[in-house]
Amino acid sequence: MTGLNDTDIRLNTDWQLTQAADGDAPLCSDLDCLYQNITLEALTQPGDLFYDEEFGWGLYDFLQSEDSELVRLEIVQRVKGKLEKREVILPGSISIQINYTEDTFRLRCEFRFAEEDADRILNVSISPISVEVTS
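Residues numbered from 1 in each chain as written. Predicted model: local features only at pLDDT ≥ 70, side-chain atom pairs only at ≥ 80, totals over all residues. Heavy atoms only, no water.

Turning next to the side chain of Thr 104. As for its placement among the helices and strands, Thr 104 is situated in strand β4 (residues 104-111). Discounting chain neighbours no more than four positions away, the residues touching Thr 104 are Asn 99, Ser 125, Ile 126, Ser 127 and Pro 128. (Helix = DSSP H or I, 4+ residues; strand = E, 2+ residues; numbered from the N terminus. Contact = heavy atoms within 4.5 Å.)

A few words now on the sheet that holds strand β6 (residues 131-134). The strand order across the open sheet formed by four strands is β3-β4-β5-β6, and the pairing between neighbours is antiparallel. Edge positions in the open sheet fall to β3 (95-101) and β6, since each of these has one partner strand only. Direction aside, neighbouring strands of the sheet carry axes that sit 20° apart on average. In the sheet, strand β5 (residues 120-126) pairs with β6 via four bridges, with the strands oriented antiparallel. When the bridges of β6 are listed, Ser 125 appears paired with Glu 132. (Pairing = 2+ DSSP bridges. Axes fitted to C-alpha atoms, helices over the stretch in contact; angles between N-to-C directions.)

Here the focus is the pattern of salt bridges. For the structure shown, the criterion picks out nine salt bridges. Across the salt bridge formed by Arg 78 and Asp 61, the nearest N and O atoms sit 2.8 Å from each other. Here Asp 61 lies in the loop between α1 (30-42) and α2 (69-84) and Arg 78 lies in helix α2, a separation of 17 residues in the sequence. A relative accessible area of 47% means that Asp 61 is categorised as partly exposed. A salt bridge links Arg 112 to Asp 119; its shortest N-O distance comes to 3.0 Å. Taken together, the salt bridges that share partners define one network made up of Asp 32, Glu 116 and Arg 120. (Salt bridge = Lys/Arg side-chain N within 4 Å of Asp/Glu carboxyl O. Buried < 20%, exposed > 50% of the residue type's maximum accessible area, 1.4 Å probe, protein only.)

What follows is about the environment of Leu 17. Along the chain, Leu 17 turns up in the loop between β1 (7-9) and β2 (27-29). Among the residues examined, Leu 17 registers a relative accessible area of 60% and is labelled exposed.

Turning to α1, a few remarks are in order. Taking 1.5 Å per residue as the helical rise, α1 with its 13 residues ought to reach 18 Å, and the 19 Å between its terminal C-alpha atoms agrees with that figure. Among the 13 residues of α1, ten are classified as buried, and the element is accordingly described as predominantly covered. Along α1, the residues classified as buried are Leu 31, Cys 33, Leu 34, Tyr 35, Gln 36, Asn 37, Ile 38, Thr 39, Glu 41 and Ala 42. Residues of α1 that are buried in the fold lie against β1, β2, α2, β4, β5 and β6. (Expected span 1.5 Å × (residues − 1).)

What follows is the structure, given as structure tokens:
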């Protein structure tokens, strides 16, 4: 799991490597790096990374799920639990809202890093065939 003082290669909105004007790969660090890591964790299944078996929100488990209070509760608890593991996120700032339209769960995840004054928002869609993240 990426920490506050880590650095990583910056990815574009399609999760591909980006290229700087000098041909090098640009980097992201600090809170931007951490936010990118949280986004990648939302798209990952636990066990997919050989070096961190617990990394991943496991949202693919909900592909083709029917809308019910139990399914919504399980999604919220899973996402909230993963966000609460990150020490730089203020636990009281975590809010998960779920809507279900056209066979798709739409999550609005709000949280705040301890060093920021504004919430970060992560929107996640779980359709019958995919999980997608938009900022």
